[in-house]
Amino acid sequence: MTAEDFKSGQILLIDKPLTWSSFQAVNKVRWVIKKAFNIKKIKVGHAGTLDPLATGLLVICTGKFTKRLQEFQGQIKEYTGEITLGGTTPSYDLETEVNETYPIDHISEELVHKTTQQFIGTIEQYPPVFSAIKKDGKRLYEYARKEQEVVIEPRQITIDEFEITKIDFPKLEFRVVCSKGTYIRSLAHDFGKALHSGAHLSKLRRTKIGDFSAANAICPIAFEKQYLGE
């Protein structure tokens, strides 16, 4: 690929590593393109943020294709991951420590599979308080970190598929196909409640955005080697 190709517009499928922010991945791609082709300035953006504790598909657009980011953000997404039963965390994932524990002895495999049905279709979901959604000009996580109370409005989302693919109590592996705006952390939290227990998200990987698949994605370090060598 040439400098002109990147400026005209490219869609890059990047496999975001664990602990990297989506912003870091975009920055790495931008830096590689600028360095490889001696370009001073190029637009680079991503369609749909992944939390640092999640891995998987980031659709990154360059040049004129950054105008298509909204189009990709609105597409159906697929995730796989792991829910841990028996404990909740304030962030609904492993960003924060378990703050409350719950019994799980009453939960059977049959109950787990049956309960997934409650979440399929168009439902209302409360985003986690540890999220980047803005409320009165501030991000929700800013209120959360200062332990300030804030009223969170529910959002309408659609879950097309929600299946438990493996059960090894207290761990449940899952696959979800959902609409834009779905928080898998909230799904894990709400699933625990529906089981009359508690739960948090312990692993998350985005596997698809529309027709794009993580199977065809490249990690940022491999992208760097491709264009800059060792």
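The numbers attached to residues start from 1 for each chain and follow its sequence in the written order. Where totals are concerned, whole chains, interfaces and linings use all residues; where local detail is concerned, this predicted model gives features only for residues with pLDDT of at least 70, and gives and counts side-chain atom pairs only at 80 or more. Excluding hydrogens and water, the side-chain figures rest on all heavy atoms present in the structure.

## Structural notes on the pairing of strand β12 (residues 199-209)
Put simply, the test is: Each residue's exposure class comes from its accessible area (1.4 Å probe, protein chains only) as a fraction of the maximum for that residue type: buried when under 20%, exposed when over 50%, partly exposed otherwise. Secondary structure elements follow DSSP: runs of H or I of four or more residues count as helices, runs of E of two or more count as strands, with numbering from the N terminus. Note on pairing: DSSP must find at least two bridges between two strands before they are called paired.
By the criterion of burial, β12 is predominantly enclosed, with eight of the 11 residues buried. Here two bridges tie strand β3 (residues 55-62) to β12, and the two strands are oriented parallel to one another. Following the sheet pairing, Gly 56 is matched in β12 by Arg 206. Note that strand β4 (residues 77-85) and β12 share nine bridges and pair antiparallel. Bridge pairing in β12 places Gly 81 opposite Leu 204. Both β12 and strand β13 (residues 212-213) contribute to a ladder of two bridges, which runs antiparallel. Opposite Ile 209, over in β13, you have Phe 212 as the bridge partner. If you look at the hairpin formed by β12 and β13, you'll find two residues sitting between the two strands, and Gly 210 has a positive phi there, around 60 degrees.

## Digging into the nonpolar core
Selection rule: Residues belong to a common nonpolar core when they are buried Ala, Val, Leu, Ile, Met, Phe, Trp, Tyr or Cys residues joined through side-chain atoms within 4.5 Å. Should any heavy atoms of two residues lie within 4.5 Å, those residues are counted as being in contact.
Counting 41 residues, the largest nonpolar core has Ile 159, Phe 162, Phe 174 and Phe 191 as its most contacted members. Put simply, the parts of the chain that give this core at least two residues each are β1 (11-16), α2 (22-37), β3, β4, β10 (155-168), β11 (171-178), α6 (184-194) and β12. Dropping the residues within four chain positions of it, Phe 191 is found in contact with Ile 83, Val 112, Thr 115, Thr 116, Phe 119, Phe 162, Ile 164 and Leu 172. By size, the runner-up hydrophobic cluster in this structure holds 10 residues, among which are Ala 47, Leu 57, Phe 72 and Ile 209.

## Looking at the environment of Thr 49
Mapped onto the secondary structure, Thr 49 falls in the loop between β2 (44-47) and β3. In the structure, Thr 49 is positioned 26 residues away from Phe 23 in sequence and 8.3 Å away in space, judged by C-alpha atoms. Aside from chain neighbours lying at most four places away, what touches Thr 49 is Ser 22 and Arg 206.

## Let's talk about a positive patch on the surface
The line we're drawing: Within the patch definition used here, like charges are joined within 9 Å and nonpolar side chains (Val, Leu, Ile, Met, Phe, Trp, Tyr) within 5 Å, considering only residues with over 30% relative accessible area and no salt bridge. Calculation of accessible area relied on Shrake-Rupley with a 1.4 Å probe; when residues are assessed, cover is drawn exclusively from the protein chains displayed. Salt bridges, as used here, are contacts in which a Lys or Arg side-chain nitrogen is within 4 Å of a carboxyl oxygen on Asp or Glu. Under this rule, positive means Lys or Arg and negative means Asp or Glu; His and the chain ends count for nothing. Note that the charge is assigned to NZ on lysines, CZ on arginines, CG on aspartates and CD on glutamates.
Among the surface-exposed residues, Lys 41, Lys 43, Lys 64 and Lys 67 lie close enough to one another that they form a single positively charged patch. Looking at the secondary structure, you find Lys 67 in the loop between β3 and α3 (69-73).

## Describing the side chain of Thr 182
Inspection of the secondary structure assignment puts Thr 182 in the loop between β11 and α6. Overall, Thr 182 belongs to the buried group, its relative accessible area being 11%. For Thr 182, the residues in contact, after removing those within four places along its chain, are Gln 125, Ile 157 and Thr 158.

## Observations concerning the side chain of Arg 206
Keep this limit in mind: Under the rule applied, a polar contact is a pair of N or O atoms within 3.5 Å (in protein, one hydrogen donor and one hydrogen acceptor; residues adjacent in sequence only if both atoms are side-chain atoms).
Examined against the element boundaries, Arg 206 turns out to sit in strand β12. One buried charge, Arg 206, has no salt-bridge partner; the nearest side chain with opposite charge is Asp 51, at 9.1 Å. At 2.8 Å, the side chain of Arg 206 forms a polar contact with the backbone oxygen of Gly 48. Non-local contacts of Arg 206, meaning those with residues more than four positions away in its chain, are made with Ala 47, Gly 48, Thr 49, Leu 50, Thr 55, Gly 56, Leu 57, Leu 58, Lys 77, Glu 78, Tyr 79 and Ala 214.

Honestly, that's just the spatial picture; any functional story needs more than this.
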